[in-house]
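Here are the chains, one letter per residue:
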Amino acid sequence: MAGIYLHIPFCKQACSYCNFHFSTTLQAKDQMVSALCRELEQRRDYLGGDKIDTIYLGGGTPSLLNASELNILFLKIEELFAVSPEAEVTLESNPDDLSHSFLTELLDTPVNRLSIGIQSFFDEDLRAMNRAHDAVQSHSCLELVHQMGFDNFNIDLIYGMPTLSMEQWQDNLLNLNTFEVPHVSCYALTVEPGTALFHQIRKGQAPDVKDDKMVAHFRALVEFAEENELLHYEISNLARPQKLAVHNRNYWFGAPYLGIGPSAHSFNGQQRSWNVANNQKYLKAIDQNLPYQESESLSEIDQYNEYVLTRLRTMWGCQINEINKWGEETYQHFHNQIQPFLDSSHVRREDSTYRLTPEGMLLADHISKELFMT
Ligand SMILES: C[S@@+](CC[C@H](N)C(=O)[O-])C[C@H]1O[C@@H](n2cnc3c(N)ncnc32)[C@H](O)[C@@H]1O
Ligand code: SF4
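What comes next is a walk through the structure.

This structure, assessed with the given rule, holds 11 salt bridges. Between R43 and E39 there is a salt bridge, with the nearest N and O atoms lying 2.7 Å from each other. Judged on exposure class, the residue R43 and its partner E39 are both buried. Measuring nitrogen to oxygen at the nearest pair gives 3.4 Å for the salt bridge that ties E79 to K76. Here K76 and E79 lie together in helix 2 (residues 67-80), a separation of 3 residues that amounts to about one turn. A relative accessible area of 14% means that K76 is categorised as buried. Salt bridges sharing partners connect three or more residues here, namely K12, D96 and D97.

Quick look at the structure:
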């Protein structure tokens with residue numbers, strides 16, 4: 001079980017809320033594809049020959065690459081790594097890129113899953129987010145994706161936007177049924193420092209995000225999932241049976257992954273490393289064989305804290321036998337700290353598994369912090 005992540009650090013325009021690493025200057029696209037191939041070669045031993053069962057192209061906007069550019073990357077990966085024939089190969093795509101001709105080209109690549117950044121089906125939200133697509137494209141790209149036979153895909157939705165009423169959020173959720181969406185990632189809008197949204201709110205040019213709206217939208221999501229047999233398998237991720245994402249699951253289960261490209265993170269079980277989040281610095285370093293990475297080793301305490309942070313967010317929860325691996329003292333700490341959340345019904349225990357209840361999911365970060373060891 002291992003994964004490869006490639007970061008494609010380009011976007012047509014900056015969405016108001018986004019602080020992922022990307023550049024809106026696309027000139028260096030060819031150079032970047034070559035550099036990603038060079039990095040794959042340099043780090044071919046990182047996963048120690050493990051079988052690759054997921055390849056994920058994220059960004060930025062990977063759908064800005066054409067099929068030949070994508071195939072250059074896939075051929076290089078197949079040349080250097082043991083890729084499982086059943087590997088999940090996901091391409092993050094923006095609705096405005098998903099034309100008939102682009103999807104036709106994609107049929108000649110190994111891509112077998114799309115993750116589409118719909119965000120909302122309403123123009124008012126999309127304008128406030130400064131998205132490059134409109135509501136018509138939100139609808140039409142999903143029709144096209146079905147017509148072209150892509151039956152494994154995810155859509156991203158954002159809730160809690162000041163422009164998004166409860167009725168509109170419920171309409172966005174109903175579209176999961178209308179368009180037979182197999183997997184959805186629903187994110188609460190976060191105001192990240194340095195983004196356009198952050199500055200707009202500070203200057204009073206945009207309304208601030210309200211906690212009570214977030215909570216109401218999240219509860220509506222939980223209700224919708226229950227009524228429509230969507231498996232709420234992680235706080236932000238829901239899927240139809242058999243459509244859970246391998247990429248996401250590997251990540252939460254601590255499987256090793258190699259992250260390629262500017263700002264990409266890698267993990268090999270004990271050590272985490274991350275590439276410089278600057279396209280020019282990355283290209284120069286790859287070209288001149290200079291360092292472009294920093295890393296940290298995870299102590300036993302870090303590993304326990306990461307386990308709690310990631311697994312508590314999932315339906316698999318925290319397991320007693322796994323926590324016991326960190327010794328009696330850690331288990332006692334976990335046991336004592338989780339008790340108040342069992343009493344308040346934010347956490348439920350079934351046999352040897354502790355899981356968040358839907359109300360607990362709203363407090364996930366706080367509960368994890370209380371469980372952390374220092
Ligand atoms: C790395 S982005 C890239 C996806 C793709 N470029 C797109 O925009 O469609 C992945 C997702 O994170 C979510 N996201 C990014 N910033 C966010 C924020 N500040 N609050 C909530 N969701 C956010 C969006 O739903 C976005 O689709
Ligand atoms: S949300 Fe996607 S398209 Fe928008 S700036 Fe971020 S990475 Fe780019």
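Still more to cover.
With 13 residues, helix 5 (residues 135-147) ought to run about 18 Å at 1.5 Å a step, and its terminal C-alpha atoms sit 19 Å apart, in line with that. Listing the buried residues of helix 5 in full gives A135, S138, C141, L142, L144 and V145. Buried-residue contacts for helix 5 involve helix 3 (100-106), strand 4 (113-119), helix 4 (123-128) and strand 5 (153-159). Once helix 5 finishes, G149 follows within two positions and takes phi at roughly 85 degrees, a positive value.

Near ligand 1, the surroundings consist of 17 residues, among which G60, Q119, R131, D156 and T190 are the closest. Measuring from a nitrogen atom of ligand 1, one finds a backbone N or O atom of G60 at 2.7 Å. Residue N94 places a side-chain N or O atom 2.9 Å away from an oxygen atom belonging to ligand 1. Contact with the protein chains covers 92% of the free accessible surface of ligand 1, which is 560 Å². Where the shell around ligand 1 is concerned, the elements lending two or more residues are strand 4, strand 5 and strand 6 (183-188). Considering only residue class, the shell around ligand 1 consists of 6 nonpolar, 7 polar and 4 charged.

Bringing the nonpolar core into the picture now. By size, the foremost hydrophobic cluster in this structure holds 100 residues, and its most contacted members are L6, L114, I116 and I155. In terms of residue count, helix 8 (residues 211-227) provides more of this core than any other element does, 7 residues in total. Here this core spans two domains, and each of domain 1 (2-252) and domain 2 (300-371) adds at least three residues to it. Those residues in contact with L114, other than ones at most four positions away along the chain, are T90, L91, S93, L103, L106, V145, F150, N152, F153 and N154. In terms of nonpolar packing, the next biggest core, distinct from the first, is built from 5 residues, Y233, A239, A245 and W316 among them.

What holds strands together in a sheet is hydrogen bonding between their backbones, with the strands either parallel or antiparallel. Across the sheet, which stays open at both edges, the 3 strands sit in the order 13-15-14 with antiparallel pairing between neighbours. Lying at the two open borders of the sheet, with one neighbouring strand each, are strand 13 (318-319) and strand 14 (347-350). The sheet contact formed by strand 13 and strand 15 (residues 353-356) spans 2 bridges and is antiparallel. The partner of C318 across the bridge, within strand 15, is Y354.

Thresholds applied
- Residues numbered from 1 in each chain as written.
- Chains lettered and ligands numbered in written order.
- Predicted model: local features only at pLDDT ≥ 70, side-chain atom pairs only at ≥ 80, totals over all residues.
- Heavy atoms only, no water.
- Salt bridge = Lys/Arg side-chain N within 4 Å of Asp/Glu carboxyl O.
- Buried < 20%, exposed > 50% of the residue type's maximum accessible area, 1.4 Å probe, protein only.
- Helix = DSSP H or I, 4+ residues; strand = E, 2+ residues; numbered from the N terminus.
- Expected span 1.5 Å × (residues − 1).
- Contact = heavy atoms within 4.5 Å.
- Near = heavy atom within 4 Å.
- Polar contact = N/O pair within 3.5 Å; in protein donor to acceptor, adjacent residues only side chain to side chain.
- Areas by Shrake-Rupley, 256 points an atom, 1.4 Å probe, with all protein chains shown as cover.
- Nonpolar A, V, L, I, M, F, W, Y, C, P; charged D, E, K, R; others polar.
- Core = buried A, V, L, I, M, F, W, Y, C linked by side-chain atoms within 4.5 Å.
- Domains from an automatic or database assignment.
- Pairing = 2+ DSSP bridges.

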